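Structure assessment
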Amino acid sequence: MTAPLALTMGDPAGVGAEITIAAWRQRETLPPFFLIDDPDRIAMMCSEVPVQAIGTPEEAGDVFASALPVLPMKLDHPVRPGRPHPGLAKATIASIELAVRLARDGHASGMVTNPINKKVLYDGAGFRWPGHTEFLAHLGGVNHTVMMLAAPGLRVVPVTIHIALADVPGLLTADLIMQTARMVYLALQKDFDIDDPRLAVAGLNPHAGEGGAMGSEEVTIIQPAVDHLRSEGMDVRGPLPADTMFHPAAREKYDAALTMYHDQGLVPLKMLDFARGVNVTLGLPFVRTSPDHGTAYDIAGTGKADPTSLVEAIKLAGTMAKARGL
């Protein structure tokens, strides 16, 4: 890596700053990074960790071994841990925008986003995107992205994401499955250095529909998509019964699993390794990872927040940046 990673502040009232401080304590195992935040605020949070304000991302590499580098971002309202306030929304958004600019311009090798609260952004800054990822897609100039959740031993990609379960069959199409699979396939090659990726595709219904006895989506939607992907030269298996896809022997046969809806993939991943799950956005023109948890207002400021997911997000962002030659 020739440039450090940029970490956004997330919601200042959440646990983002504390887990970033905790992650820096493990710096010997991590690629260099800097935090976009108020350096005085960060210094006041933990006197045991040296904090160094930097003027440019390039300074982070020299500082990182001895102090947590912080690229200053002004906050417009006092921060009270666990007490979200709309007055902090503009700074939260500005830190995301700055991290994207730095990543796109090559001053950062990628970005790791700390958790945000969308309602705070709606109330305080007129935020008009459904979520973090959609905002990043807008900033990156792309129309479609894919959410991957990754943990040691498993990568899962839900084809449909944050929608009601009752709406999944109506929104599931062969085109959506194929578009998702192609993006995952290319990302495994480009970001994970896997020359010939293997994809496993879950069915929607119990037992993958049992030939239409328990639902027709496997026959009419999923199987045609799998067949078409195979005709393009991809190593794709499915539709597979979801209840037999995630035991150890099954996971050895693929590099990523595509599931038809959110919980079908995220439940096994979080059961397997809840603490080390990482959210990865595929399809952006820059590297973006995030810890797989929220702002945790209930424990903000108590020192109880577990930094493991952020640590893994930083490691994975560094690995992806290296694979891209950044």
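First, a word on what this report is: a plain description of the structure on this page. (Residues numbered from 1 in each chain as written. Predicted model: local features only at pLDDT ≥ 70, side-chain atom pairs only at ≥ 80, totals over all residues. Heavy atoms only, no water.)

1. Some details on the overall build of the chain
Convention followed: Helical segments are the DSSP runs of H or I of at least four residues, strand segments are the runs of E of at least two, and each set is numbered from the N terminus. It only takes one pair of heavy atoms within 4.5 Å for two residues to be counted as in contact. The protein chains shown are the only cover counted for residues, whose accessible areas, like all others here, come from Shrake-Rupley with a 1.4 Å probe. Charge assignment: positive for Lys and Arg, negative for Asp and Glu; neither His nor the chain ends contribute. In plain terms, the charge of a residue is placed at NZ if it is Lys, CZ if Arg, CG if Asp and CD if Glu.
When helices and strands are counted, the chain shows 12 helices and 12 strands. Structurally, the chain occupies a C-alpha span of about 65 × 40 × 35 Å along its principal axes. Within the chain, residue pairs in contact and separated by at least 24 positions form 73% of the contacts whose partners lie at least 6 positions apart. A total accessible area of about 14,000 Å² is found for the chain, and carbon and sulfur atoms account for 52% of it. Taken together, the 27 basic and 36 acidic charged side chains of the chain have centroids lying 3 Å from each other.

2. Side note on the pattern of salt bridges
Operational definition: In what follows, salt bridge is the name for a side-chain nitrogen of Lys or Arg lying within 4 Å of a carboxyl oxygen of Asp or Glu. Accessibility here uses a 1.4 Å probe with only protein chains present; expressed as a share of the type maximum, an area under 20% marks a residue as buried, one over 50% as exposed, and anything in between as partly exposed.
Tallied over the full model, the rule gives 11 salt bridges. Here aspartate 123 ties to lysine 119 by a salt bridge, and the two come within 2.6 Å at their closest N and O atoms. Note that aspartate 123 and lysine 119 are positioned in helix α5 (residues 118-125) at a spacing of four residues, about one turn of the helix. Since its relative accessible area comes to 48%, aspartate 123 is described here as partly exposed. Given the relative accessible area of 52%, lysine 119 is considered exposed.

3. Looking at the pairing of strand β2 (residues 33-37)
Regular strands have side chains that alternate between both faces of the sheet. For the record, the criterion: Paired strands are those between which DSSP finds at least two bridges. When the strands point away from the viewer and the path from the first strand over the helix to the second turns clockwise, the crossover is right-handed.
Counted residue by residue, β2 has five buried out of five residues, so it is predominantly covered. Residue alternation in β2 divides its side chains into two sets, Phe33, Leu35 and Asp37 and Phe34 and Ile36, and both sets are buried. Sheet topology note: the strand β1 (residues 5-7)/β2 ladder contains three bridges and is parallel. In the sheet register, leucine 5 faces β2, and the bridge partner there is phenylalanine 33. With respect to chirality, the unit in which β1 leads through helix α1 (residues 16-24) into the neighbouring parallel β2 is right-handed. Bridge analysis of β2 against strand β4 (residues 68-72) gives three bridges, and the strand direction is parallel. Each bridged residue has a counterpart across the sheet, and for leucine 35 the counterpart in β4 is valine 70.

4. Examining the sheet that holds β4
Basically, it comes down to this: All axes here are fitted lines through C-alpha atoms, helices being fitted over the stretch that makes contact, and every angle between N-to-C directions spans 0 to 180 degrees.
The strand order across the open sheet formed by 12 strands is β3-β4-β2-β1-β5-β12-β11-β6-β7-β10-β8-β9, and the pairing between neighbours is mixed. Two strands bound the open sheet, and with one partner strand each, they are β3 (51-53) and β9 (235-240). Mean inter-strand twist for the sheet, computed between neighbouring axes without regard to direction, equals 25°. Summarising the sheet, β3 and β4 pair through three bridges and their orientation is parallel. Following the sheet pairing, glutamine 52 is matched in β4 by proline 69.

5. Focus on the pairing of strand β8 (residues 198-202)
Most of β8 sits inside the fold, with four of its five residues counted as buried. Pairing between β8 and β9: four bridges, direction parallel. Paired with leucine 199 across the strands is valine 236, a residue of β9. Read from β8 through helix α9 (residues 217-231) to β9, the crossover connection turns out right-handed. In this sheet, strand β10 (residues 256-259) lies alongside β8 in parallel orientation, the contact comprising three bridges. Paired with leucine 199 across the bridge in β10 is alanine 256.

6. So, the packing of aromatic side chains
Each aromatic ring pair is characterised by the separation of its centres together with the angle its planes make. To be explicit about the condition: Between the rings of Phe, Tyr and Trp (Trp by its six-membered ring), a pair exists once the centres lie within 6.5 Å; its type follows the angle of the planes, with under 30 degrees stacked, over 60 edge-to-face, and the other angles tilted.
Evaluation of the coordinates by the stated rule reveals five aromatic pairs. Taking the centre distance of 4.9 Å and the plane angle of 70° together, the rings of phenylalanine 33 and phenylalanine 64 count as edge-to-face. With phenylalanine 33 in strand β2 and phenylalanine 64 in the loop between α3 (60-63) and β4, this residue pair connects regions lying 31 residues apart in the sequence. In terms of burial, phenylalanine 33 and phenylalanine 64 fall into one category: buried.

7. Comments concerning a negative patch on the surface
So the rule is basically this: To count toward a patch, a residue needs a relative accessible area above 30% and no salt bridge. Like charges then connect within 9 Å, nonpolar side chains (Val, Leu, Ile, Met, Phe, Trp, Tyr) within 5 Å.
On the surface, a cluster of negative charge is made up of Asp193, Asp195, Asp196 and Asp235. With respect to the helices, strands and loops of the structure, aspartate 193 is situated in the loop between α8 (174-190) and β8. Since its relative accessible area comes to 60%, aspartate 193 is described here as exposed.

8. Quick word on the side chain of asparagine 114
Rules: Polar contact criterion, stated in full: a pair of N or O atoms within 3.5 Å, where within protein one must be able to donate a hydrogen and the other to accept it, and residues adjacent in sequence count only if both atoms are side-chain atoms.
Structurally, asparagine 114 can be placed in the loop between β5 (110-112) and α5. Here threonine 8 takes part through its backbone oxygen, which lies 2.8 Å from a polar atom of the side chain of asparagine 114. Only 3.2 Å separates the side chain of asparagine 114 from the side chain of threonine 20, close enough to count as a polar contact. Excluding residues within four positions of it along the chain, asparagine 114 makes contact with Thr8, Met9, Gly10, Gly16, Ile19, Thr20, Leu35, His132 and Leu310.

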